[in-house]
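Next come the chains, spelled out residue by residue.
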Amino acid sequence: MNETLHFPTLATYCEGIGISEPKWSDFDIRSFEDNMKSVRHQMPPFKHEFYAVALKLEGAGAASTGNYQTPERGATIFFNSPYQITHWDIAPDWKGYYVIFSEEFLMDRSRRLVEAYPFLLVDNTIPMSIEGNEARLFESTFQEIFSEFRECLPNNRSVIQHYLEILLVKTSRTFNRIVNKEQLTYKERNNDLNLVSRFKSLIETSFQPGFEHKTTSPHQVQFYADQLAIHPNHLNAVVKRITTHSASEHIQKHVLNQAKSTLKHTGKSVKEIAHELHYPYPNHFTNFFKKQTGMTPVAFRGSA
């Protein structure tokens, strides 16, 4: 069974898809026309650790992010999130742009990215067909960022951060309009489904590096219920009704995926991983991992 490719840095991502190395380690913007000269037109499933927003204006073939695929033709906005499985099979005629960036690139913001822009949640990365003036407005924003990045002007990092915020707000506005009209995602349908989306967002952010917990453990349903200002039994009931899995199962699945990825792709010790995943003792993490996989973390790393 083939392992999914994993690119932990922008440099390894660019090398992996066959394009020149990035100028910055936490942000990059490319035009598809430039990429077509060397990019791999068929890319097997892979993951990277960044957010990306792309505008395809023209081009045959399709790119897939998670459970969604871009339309074969027409202008499209599409995106992907860290660790989301992506692959593509495209013709060498794509036109447009994409930006790819780390959460840290916008770390001066008051909220995490997935809280401010829910379309970046793994379950919400739905490609959006756009046309006419809207496509031209998106193209103009990408061109502003592209020009600023390429010219290396003074304070261009700050300018690009602001342009990127504008791009994300525009994308959010289009996303909200389209999903409300076509009901493409469960998030907008009713209050219960909105609660599930907020719960999943909290899981993602609560296990990111550097996130400190001063109250209950993020392994407990109570932790999320407190932040959502509801009773844990109510949270669990809603989550299970909508997804068929309990709130605890969603938490455990996320922790297990994070643990497997860290064991596979880093040399961090079991003690370090346990600490990052907010286990008070390494043996608690080991017991959890063995119960879920039938293997100890060390044995899993040796087999990966």
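Coordinates for the structure precede this section.
Heads up: these notes are all about the structure in this document. (Residues numbered from 1 in each chain as written. Predicted model: local features only at pLDDT ≥ 70, side-chain atom pairs only at ≥ 80, totals over all residues. Heavy atoms only, no water.)

### Remarks on the environment of Leu167
What counts is decided by this rule: A run of H or I in DSSP becomes a helix once it reaches four residues, and a run of E becomes a strand once it reaches two; helices and strands are each numbered from the N terminus.
When you line up the elements, Leu167 lands in helix H5 (residues 156-182). Counting along the chain gives 26 residues from Leu167 to Thr141, while the straight-line C-alpha distance between them is 6.6 Å.

### Some points on unusual backbone geometry
The line we're drawing: The buried label applies to any residue whose accessible area, calculated with a 1.4 Å probe on protein chains only, is under 20% of its type's maximum; exposed applies above 50%, and partly exposed to all values in between.
A positive phi angle, near 55 degrees, is found at Cys152, a position not held by glycine. Position of Cys152 among the secondary structure elements: in the loop between helix H4 (132-151) and H5. You will see that His278, though not glycine, has its phi angle at about 65 degrees, which is positive. Owing to a relative accessible area of 21%, His278 belongs among the partly exposed residues under this scheme.

### What about the side chain of Gln161?
To keep things clear, this is the line we draw: Contacts are assigned to residue pairs that have any heavy atoms within 4.5 Å of one another.
Structurally, the position occupied by Gln161 is in helix H5. Look past the residues within four positions of Gln161 in its chain and what remains in contact with it is Phe105 and Leu106.

### Section: the packing of aromatic side chains
Quick note on the threshold: Any pair of Phe, Tyr and Trp rings, taking the six-membered ring for Trp, is counted once the centres come within 6.5 Å. Such a pair is stacked with planes under 30 degrees apart, edge-to-face with planes over 60 apart, and tilted for the rest. Charge-over-ring contacts are defined here by two conditions on Lys NZ or Arg CZ: a distance within 6 Å of the ring centre and an angle within 35 degrees of the ring normal.
What the rule picks out here adds up to 21 aromatic pairs. Relative to Phe46, the ring of Tyr13 lies with its centre 5.9 Å away and its plane at 40 degrees, an arrangement referred to as tilted. In this pair, Tyr13 sits in helix H1 (residues 10-17) while Phe46 sits in strand E3 (residues 42-48), placing the two residues 33 residues apart along the sequence. Just as Tyr13 is buried, Phe46 falls in that class too. Between Tyr279 and Phe285, the aromatic rings sit 5.6 Å apart at their centres with planes inclined by 50 degrees, giving tilted as the arrangement. Considered together, Tyr279 and Phe285 belong to a single accessibility category, that of buried residues. What links up through ring pairs into an aromatic cluster is the set Tyr279, Phe285, Phe288, Phe289 and Phe300. Over the face of the ring belonging to Phe149 we find Lys23, whose NZ or CZ atom lies 4.2 Å from the ring centre. Lys56 extends its terminal NZ or CZ atom over the ring of Trp94, reaching a point 5.1 Å from the ring centre.

### Structural notes on the nonpolar core
Under the convention used in this document: Here, the term nonpolar core denotes a set of buried Ala, Val, Leu, Ile, Met, Phe, Trp, Tyr and Cys residues that are joined through side-chain atoms within 4.5 Å.
In terms of nonpolar packing, the biggest core is built from 35 residues, with Phe27, Ile77, Val99, Phe101, Phe142, Leu164 and Leu168 touching the most fellow members. In contact with Leu168, not counting residues within four places along its chain, are Val53, Phe101, Leu106, Leu113, Tyr117 and Phe119. Phe207, Ala225, Val239 and Ile251 belong to the second largest nonpolar core, which has 29 residues in total.

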